[in-house]
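Read off the chains here:
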Amino acid sequence: MEWLLRASESQPPYAVVRRMLMGDPNRPEEWFRVVTYAPTSEARELIGWVRTLEDACQLGWDYKVAFEEWRHDRAARRVDANQMETPPAGELVKFWREHRTLSERPKAP
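Below, the structure is looked at part by part.

Focus on the layout of surface pockets
1) Next: Here the largest pocket is characterised by a volume of approximately 210 Å³.
2) Next: If you trace the largest pocket, you find it lined by Gln 11, Pro 12, Pro 13, Tyr 14, Thr 36, Tyr 37, Tyr 63, Lys 64, Phe 67, Glu 68 and Arg 71.
3) Next: Residue composition of the lining of the largest pocket, by class: six nonpolar, two polar and three charged.

Concerning the nonpolar core
1) Next: Within the largest apolar cluster, 19 residues are counted, with the highest numbers of intra-cluster contacts made by Ala 15, Val 17, Val 34, Ile 47, Ala 56, Leu 59 and Tyr 63.
2) Next: Looking at this core, the elements with two or more residues in it are strand E2 (15-22), strand E3 (29-36), strand E4 (46-50), helix H1 (53-76) and helix H2 (89-98).
3) Next: Considering each element in turn, this core owes the most residues, seven residues, to H1.
4) Next: Beyond its immediate chain neighbours, meaning those up to four positions away, Tyr 63 contacts Tyr 14, Thr 36, Ile 47, Ala 89, Leu 92 and Val 93.

Comments concerning the pattern of salt bridges
1) Next: As enumerated under the stated definition, the model contains eight salt bridges in all.
2) Next: Here Glu 69 and Arg 100 are joined by a salt bridge, their closest N and O atoms 2.2 Å apart. A residue pair is termed long-range when its members are at least 10 positions apart, and Glu 69 in helix H1 and Arg 100 in the segment after H2 qualify at 31 residues.
3) Next: Ionic pairing is found between Arg 77 and Asp 73, a salt bridge with its closest N-O pair at 3.0 Å.

Remarks on the sheet that holds E2
1) Next: Read from one edge of the open sheet, four strands run E1-E2-E3-E4, paired in antiparallel fashion. Only two strands of the sheet have a single partner each, and these edge strands are strand E1 (2-5) and E4. Within the sheet, the average angular offset between the axes of one strand and its neighbour, ignoring direction, is 20°.
2) Next: Here E3 pairs with E4 via four bridges, running antiparallel. Across the sheet, residue Val 34 finds its bridge partner in E4, namely Gly 48.
3) Next: Most of the contacts of H2 go to E4, to which it runs at about 65°, and overall it touches E3 and E4.

Cut-off values and rules
Residues numbered from 1 in each chain as written. Predicted model: local features only at pLDDT ≥ 70, side-chain atom pairs only at ≥ 80, totals over all residues. Heavy atoms only, no water. 1 Å grid on protein atoms, 1.4 Å probe; cavity = no way out; pocket = protein on both sides within 12 Å on 5 of 7 lines; lining within 4 Å. Points joined across faces, edges and corners; volume = space filled by probe spheres on them. Nonpolar A, V, L, I, M, F, W, Y, C, P; charged D, E, K, R; others polar. Core = buried A, V, L, I, M, F, W, Y, C linked by side-chain atoms within 4.5 Å. Buried < 20%, exposed > 50% of the residue type's maximum accessible area, 1.4 Å probe, protein only. Helix = DSSP H or I, 4+ residues; strand = E, 2+ residues; numbered from the N terminus. Contact = heavy atoms within 4.5 Å. Salt bridge = Lys/Arg side-chain N within 4 Å of Asp/Glu carboxyl O. Pairing = 2+ DSSP bridges. Axes fitted to C-alpha atoms, helices over the stretch in contact; angles between N-to-C directions.

Pasting the structure below:
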């Protein structure tokens, strides 16, 4: 199963969640892989792996917010867009989460 995460129907997706069953076929473990959205699989980047769909949706949302805040920070510092090397998606979310308290983090819609 695969879900495209988007803020609204009129906006493009920001992440893709895929449900994966792993391990023993008789008692598989359920995992959810979250990647950035791109039209093709090859252009997508891993954000992370989690155990529940709710955590997967939150991870995708946290990536969206972290990426938008990072872009805003770069623009506020007047960094040329051609010189902005985007951090790896997983590292961006990890950094963002470490520097936000739980009460400051916006919840996924």
